[in-house]
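Report on the structure
Each chain, letter by letter, is given below.
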Amino acid sequence: MSLKTTVRRYHELLGNAWPAKTIIVQNGWMIRLSEGVTRRANSVLPLQYNGDNILDDINLVEQIYQEHNLPIVFQIPDYCEPPHLKKTLCSSGYESVDETFVMASHISDIVPIKAAQRLHTVIEPKLAESWLKAFRNLTQYNQTTVQGHRQIISRIPISAKAFCTGMLDGIIVAVGLAVLERQHVGIYDLVIHPDYRRQGIAQSFLARIVEWGKDHSAETVYLTVQGDNVGAIKLYKKIGLKDRYHYRYLVKSARGKV
């Protein structure tokens, strides 16, 4: 599979599993607008381009985000159109942040993990207040951010979802969300309590999510992770996930704003 095809496939999955409130298509670019929570749901995805004046199209994008009082953000994967977009944005006052890895493997290539017997994992098919509360407690996000996540999750059009909660001796130590689409299971909002990291908890929790995927006929497992999260990347490679491609966000800097 070519890089171009790989990028498009996974960005379709990522977009469906983390849907924006509004999408405006402009000369092939997807301009995504939401509640201002998470860059993925509030950025331009330029996987194809059929315009003839890139600077005019960038200016139109900027006007749209300014009208909605949102930061101006482009999500730039390893493949994008036009190919010189990143260079053009950087020369126009944008800064590259949050290099992100998309990691995936066939589910049969995931290394078998023996789940910790002490870890009790509960999986629910629908969002519950208890899961959202646990997510907030583990992330320490403010109420606005958590409510933004709730709204995004409520828009997921995929019916096969798993809201996972991991408990150790009655204490919630992990949460995560799995979304299954076209035999691909994506793992989102994965959080491990900081006091319980590097104890095999994450591996055991992931093993249970992968098991759920197998039970639902998943063929591929994928997730995203920030490039500076060395520990998580090491863990994901250890269980068999492979680095498929990267994307980063280009954000209009304060000194570059018009």
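Structural data are supplied above this passage.
As a starting point, this report considers the structure included with it. Because the structure is predicted, anything quoted here is derived from the model rather than measured.

**Focus: the packing of helix α6 (residues 201-215) against helix α7 (residues 230-238)**
Where α6 contacts α7, the axes come no closer than 11 Å and their chain directions differ by 50°. The angle between α6 and α7 places the two elements in the oblique class. Note that α6 runs across α7; the crossing there is right-handed. Two secondary-structure elements touch here, α6 through A202, Q203 and L206 and α7 through L235, Y236 and K238. Looking at the contact of α6 with α7 residue by residue, the class counts come to 4 nonpolar, 1 polar and 1 charged.

**Observations concerning the packing of helix α4 (residues 129-139) against helix α5 (residues 143-154)**
To describe two helices that pack against each other, one gives the angle between their axes and the distance between the axes. In contact at an axis separation of 10 Å, α4 and α5 are set at 135° when each is read in the N-to-C sense. Classed by the angle they form, the pair α4 and α5 counts as oblique. Note that α4 runs across α5; the crossing there is right-handed. The segment α4 lies against α5, with E129, W131, L132, F135 and R136 engaging Q143, V146, H149, R150 and I153. Classifying every residue of the contact of α4 with α5 gives 5 nonpolar, 2 polar and 3 charged.

**Let's talk about the pairing of strand β10 (residues 220-226)**
The buried fraction of β10 is high, at 5 of 7 residues. Bridging between strand β9 (residues 184-192) and β10 involves 4 bridges; their strand directions are parallel. Counterpart to V185 in the pairing with β10 is V221. Handedness of the β-α-β unit built from β9, α6 and β10 comes out right-handed.

Cut-offs and rules
Residues numbered from 1 in each chain as written. Predicted model: local features only at pLDDT ≥ 70, side-chain atom pairs only at ≥ 80, totals over all residues. Heavy atoms only, no water. Axes fitted to C-alpha atoms, helices over the stretch in contact; angles between N-to-C directions. Helix = DSSP H or I, 4+ residues; strand = E, 2+ residues; numbered from the N terminus. Parallel < 35°, antiparallel > 145°, perpendicular 65-115°, else oblique. Left-handed = near helix turned anticlockwise from the far one by under 90°. Contact = heavy atoms within 4.5 Å. Nonpolar A, V, L, I, M, F, W, Y, C, P; charged D, E, K, R; others polar. Buried < 20%, exposed > 50% of the residue type's maximum accessible area, 1.4 Å probe, protein only. Pairing = 2+ DSSP bridges. Right-handed = clockwise from strand over helix to strand, strands pointing away.

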